[in-house]
Amino acid sequence: MPHNQPQPSDFIPLTSDTPNDCGGCGNADRLGFQFDYAYQPIVDVAARNVYAHEALVRGPQGEGAMSVLAQVNEANRYRFDQACRVKAIKTAAQLGMAERVSINFLPNAVYKPEVCIRTTLEAARTHGFPTERIIFEVTEGERVEDGPWLATILREYQRCGFLTAIDDFGAGYAGLELLADFTPDIIKLDMALVRGVDTGKARQAIARGMVRICAELGIQVVAEGVETAGERDFFLSEGVTLMQGYLFARPAFRALTAASDIGWA
């Protein structure tokens, strides 16, 4: 087992909370703190509709993500990851989400993918949310040194019928080496690459290269962090229609942004 892969000892052996008995994994109350979600749309600019909504962690009153993430540690990381999945699916169903929901997950909290996914599958069944409309993306800032282990996790998720996404692609940890081990359904280009791409020749060359690679591998590309019409138009000219960013809509706390409320112009 790779040295940086989570070990059985990494998890506190509490009743109904170990990887082999996930009866209480989705219970946020057991964490000792509360959290909620804001939803930001991933839009299809060409079709002018919403492709998916990304579930973004917030405090119970809409506080920023760091107010929650600062409370996550090695002792509660597994429980938090499981509770996030359940709450995101439950809330999406309650909001009547007809599109896909994109859920960030913590790969360093996954002990055995086939076991850790059980709570998610049960939540999808309980709340009537189709697994094919659930996207799992590697969370921003979660550094994973063991690429093959991450590929194993994502491959198991695909086998279970979920869509998979690599967030912050091009930021370093989720680079081209990962694609040699695993082909995700979606790649989200890092916003640092997207920012000012319409005026930066180097960024344009790198973005075009990534888009071509994804096209050859059959991977959908999302331009993340789009804030200007120039950035939008560059990616449209390169055949990228899936985008996310403040140009279209900001995250909505406990709510969904309808296609009619998107800033398309």
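What counts and how
- For every chain, the first residue of the written sequence is number 1, and numbering continues from 1 along that sequence.
- Only residues with pLDDT of at least 70 get local features here, since the model is predicted, and only at 80 or more are side-chain atom pairs given and counted; chain-wide, interface and lining totals rely on the full set of residues.
- As a convention, hydrogens and water are excluded, and side-chain values are obtained from all of the structure's heavy atoms.
- Helix and strand labels come from DSSP, where a helix needs a run of H or I of at least four residues and a strand needs a run of E of at least two; each type is numbered from the N terminus.
- Here, two residues are considered to be in contact whenever any of their heavy atoms come within 4.5 Å of each other.
- All accessible-area figures derive from a Shrake-Rupley calculation using a 1.4 Å probe, and residue coverage is judged against the displayed protein chains alone.
- For our purposes a nonpolar core is just a set of buried Ala, Val, Leu, Ile, Met, Phe, Trp, Tyr and Cys residues, chained together by side-chain atoms within 4.5 Å.
- Burial classes follow relative accessibility: with a 1.4 Å probe on protein chains only, a residue under 20% of its type's maximum area counts as buried, one over 50% as exposed, and anything between as partly exposed.
- Patches in this entry comprise residues that are over 30% relatively accessible and not in a salt bridge; like charges within 9 Å are linked, as are nonpolar side chains (Val, Leu, Ile, Met, Phe, Trp, Tyr) within 5 Å.
- By definition, a salt bridge exists where a carboxyl oxygen of Asp or Glu is found within 4 Å of a side-chain nitrogen of Lys or Arg.
- Should DSSP find at least two bridges between two strands, the strands are taken to pair.
- Each C-beta atom gives one direction from the helix axis, and the arc is the one those directions make.
- Stacked, tilted and edge-to-face are the three classes assigned to paired rings of Phe, Tyr and Trp, where Trp is represented by its six-membered ring and a pair needs centres within 6.5 Å; plane angles under 30 degrees give stacked, over 60 edge-to-face, the rest tilted.
- Geometrically, a lysine NZ or arginine CZ counts as sitting over a ring once it is within 6 Å of the ring centre and also within 35 degrees of the ring normal.

Looking up the protein chain in an unreviewed UniProt entry gives the name EAL domain-containing protein, with the organism given as Pelomonas parva.

A. Layout of the overall build of the protein chain. Within the protein chain, the regular secondary structure consists of nine helices and nine strands. A separation threshold of at least 6 residues defines the contact pool for the protein chain, and within that pool the share at least 24 residues apart is 70%. Counting only carbon and sulfur atoms, one obtains 50% of the accessible surface of the protein chain, whose full area is about 11,500 Å².

B. Highlighting the nonpolar core. In terms of nonpolar packing, the biggest core is built from 72 residues, with F35, F80, V101, F105, I134 and F235 touching the most fellow members. Take this core: its biggest share by element is eight residues, from helix α2 (residues 77–94). Those residues in contact with V101 that lie beyond four places of it in its chain are Y39, H53, A55, A92, F129, R133, I134 and I135.

C. Looking closely at a nonpolar patch on the surface. Taken together, the side chains of L176, I213 and L217 make up a nonpolar region of the molecular surface, amounting to roughly 250 Å² of accessible area. Within the element layout of this structure, L176 appears in helix α6 (residues 176–181).

D. Highlighting the pairing of strand β1 (residues 36–44). Most of β1 is tucked away: nine of the nine residues are buried. Going residue by residue along β1, you find D36, A38, Q40, I42 and D44 tucked away on one face and Y37, Y39, P41 and V43 tucked away on the opposite face as well. As paired strands, β1 and strand β2 (residues 49–58) are joined by nine bridges and run antiparallel to one another. Directly across from P41, in β2, lies its bridge partner H53.

E. The pairing of β2, seen in detail. Across the 10 residues of β2, nine count as buried, placing the element largely inside the fold. Connecting β1 to the next strand, β2, in antiparallel fashion are four residues, including R48 with a positive phi near 55 degrees. Both β2 and strand β3 (residues 100–105) contribute to a ladder of four bridges, which runs parallel. Bridge pairing in β3 places H53 opposite V101.

F. Geometry of the environment of A47. Along the chain, A47 turns up in the loop between β1 and β2. The exposure class of A47 is partly exposed, given its relative accessible area of 45%. Taking the C-alpha atoms as reference, A47 lies 8.3 Å from T241; in sequence the two are 194 residues apart.

G. Representation of helix α9 (residues 229–237). Residues of α9 that are buried: E231, R232, F234 and F235. Mapping the buried residues of α9 onto a view down its axis gives an arc of 160 degrees, with all of them on the same face. Here the buried face of α9 lies against β6 (186–189), α7 (191–194), α8 (201–217), β7 (220–224) and β8 (242–244). In the segment just after α9, G239 is the residue with positive phi, at about 85 degrees.

H. Here's a closer look at the packing of aromatic side chains. Following the criterion strictly, the structure yields 11 aromatic pairs and no others. Residues F105 and F136 carry aromatic rings whose centres are separated by 6.0 Å and whose planes lie at 90 degrees to one another, so their mutual orientation is edge-to-face. Taken together, the positions of F105 in strand β3 and F136 in strand β4 (residues 134–138) put the pair 31 residues apart, joining distant regions of the chain. Ring centres of F234 and F235 lie 5.2 Å apart, and the angle between their planes is 80 degrees; this geometry places the pair in the edge-to-face category. What links up through ring pairs into an aromatic cluster is the set F33, F35, Y37, Y39 and F80. Residue placement shows K87 over the ring face of F35; its charged tip is 5.9 Å from the ring centre. The ring centre of F129 lies 4.6 Å from the NZ or CZ of R133, which sits over that ring.

I. Representation of the pattern of salt bridges. One pass over the structure, following the stated rule, counts 12 salt bridges. Residue E74 is joined to R77 by a salt bridge in which the shortest nitrogen-to-oxygen separation is 3.3 Å. Here E227 ties to R195 by a salt bridge, and the two come within 3.5 Å at their closest N and O atoms. Of the two residues, E227 sits in the loop between β7 and α9 while R195 sits in the loop between α7 and α8, which places them 32 residues apart along the sequence. Classification of R195 as partly exposed rests on a relative accessible area of 29%. The structure contains a network of salt bridges with shared partners spanning E54, E137, K188 and E224.

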